Every structure is written in structure tokens, then in C-alpha cells.
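Architecture and fold: a report
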Amino acid sequence: PREALDSGIGMVHQELNLAENLTVTENLLLGREPRRGGLLDRATMRQEAKRALAQLHIALNPDTLVAKLSTAQRQMVEIARALSFNAQLLIFDEPTSSLSEEDGRLLLKVIMSLKAQGVAILYVSHRLPEVQQISDRIVALRDGRNSGTAVPPNISRNTLIQMIVGREITDIYGYEA
């Protein structure tokens, strides 16, 4: 993980990896806290946290305990943490799986904003509408192998499903073709 971060690769895991008993600031800088005279430089830490949150246009108090944040806010703290390492590639693993529909839309807006800023995004998801909405290129996997590549918007959801499962699916619960 350290080598990846040092190489500009950040990861936002499906299961969030934050210390709930620490503040937003402490989580953002965990393991790389600035020091002055051997003590934590809390003023500098707070400044860096505010800068990282502002980059995502997040209005969070950096002194808030993570335990008091919603799942969506925690996810934004994870993203801000990855970006604070100057990540040029962010890998998202099923980022909306535990978010409400509204929070999921907010996250997708943040991802689109990051793309516009030149951050490369690798987005792993089974939620095909999201994938089609934010992707420049889609790589479908079946049994851990590349089963095809597509460029939105020139691919239908049915074709994507066929690439993933290896056959045409005509009856999917809760899905309209």
C-alpha cells in the first residue's frame, strides 16, 4: 500500500477503513502527521485537512469524530485521504454499495469532478447504469478474465450483461431492458 501511494495510486475500498474514534483530520493524516518540536502540529494538520476537503467541495468540520459521520461522509473522507497523497489514479471498489441513491449520485458527481481535474479513475461496480454514466471505457470481466471492452455510449446495458455472464439474459428481476 505504501508503494502504491508513493506512486500516486489511491484506493477507496468497499469496506471503509477509518478509525471511528479519531477526527476527520486525524484520519486524513494518520501515519504522516506533521510535527513541530516532537509534538503533533495540530494547526498544520487542520489546515491540510481543510485543503483536502475543499478539493472535493465537502463542507465537513475537520474536528468532527468520524463516528458521527454518515456513510457517505465517511466515504468522502476516504477519498480526501487518498487525494491528500496526491493520487493521480483512484481505484474505487463498489463505492456505492452501502450508499443511499442520493449519496450515490453525489459520489458520482465527485468522481466526474475528479476526472475533469485529470485524476484517472478505475471504478469497479456491478451497477451498470453508474458504470455507463461515468466511464470513458468499460472492461467487462467474467470469471476474473477480460470478456470484452466497450466505449460508452455505444453499448447497451443488455450487451454489457451478455459480456459479463457469457450469454443473453432476458429476465432479470427488477431490471427493464
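These remarks concern the structure in this document. (Residues numbered from 1 in each chain as written. Predicted model: local features only at pLDDT ≥ 70, side-chain atom pairs only at ≥ 80, totals over all residues. Heavy atoms only, no water.)

Quick word on the packing of helix 4 (residues 71–84) against helix 5 (residues 101–116)
At a minimum axis distance of 10 Å, the contact between helix 4 and helix 5 shows a crossing angle of 15 degrees. Taken as axis vectors, helix 4 and helix 5 run roughly parallel relative to one another. In the crossing of helix 4 with helix 5, the sense of the turn from one axis to the other is right-handed. The segment helix 4 lies against helix 5, with Ala72, Gln75, Met76, Ile79 and Leu83 engaging Asp103, Leu106, Leu107, Val110 and Leu114. (Axes fitted to C-alpha atoms, helices over the stretch in contact; angles between N-to-C directions. Helix = DSSP H or I, 4+ residues; strand = E, 2+ residues; numbered from the N terminus. Parallel < 35°, antiparallel > 145°, perpendicular 65-115°, else oblique. Left-handed = near helix turned anticlockwise from the far one by under 90°. Contact = heavy atoms within 4.5 Å.)

Some details on the sheet that holds strand 5 (residues 120–124)
In space, the 3 strands of this open sheet follow the order 1-4-5, with parallel pairing throughout. In this open sheet, the two strands that pair with only one neighbour each are strand 1 (9–12) and strand 5. Within the sheet, the average angular offset between the axes of one strand and its neighbour, ignoring direction, is 15 degrees. Of the strand pairs in this sheet, strand 1 and strand 4 (residues 89–93) are connected by 4 bridges, and their pairing is parallel. When the sheet's bridge partners are listed, Ile9 is paired in strand 4 with Leu89. (Pairing = 2+ DSSP bridges.)

Overview of the environment of Asn146
With respect to the element layout, Asn146 can be found in strand 7 (residues 145–150). We classify Asn146 as exposed; its relative accessible area is 51%. Each C-alpha atom of the pair Asn146 and Ile164 lies 9.1 Å from the other, and the pair is 18 residues apart in sequence. Here Asn146 is in contact with Val139, Ala140 and Leu141, once residues within four sequence places are set aside. There is a polar contact of 2.7 Å between the side chain of Asn146 and the backbone nitrogen of Gly148. (Buried < 20%, exposed > 50% of the residue type's maximum accessible area, 1.4 Å probe, protein only. Polar contact = N/O pair within 3.5 Å; in protein donor to acceptor, adjacent residues only side chain to side chain.)

Focus: the nonpolar core
With 42 residues, the main nonpolar core has Leu28, Leu56, Ile79, Leu90, Phe92 and Leu114 as its most contacted residues. Mapped by element, the contributors of at least two residues to this core are helix 2 (24–28), helix 3 (42–55), helix 4, strand 4, helix 5, helix 6 (128–134), strand 6 (138–142) and helix 7 (157–165). It is helix 4 that contributes the most residues to this core, 7 residues altogether. Discounting residues that sit within four places of it in the chain, Leu114 has contacts with Leu56, Ile79, Leu83, Leu90, Val119 and Ile121. (Core = buried A, V, L, I, M, F, W, Y, C linked by side-chain atoms within 4.5 Å.)

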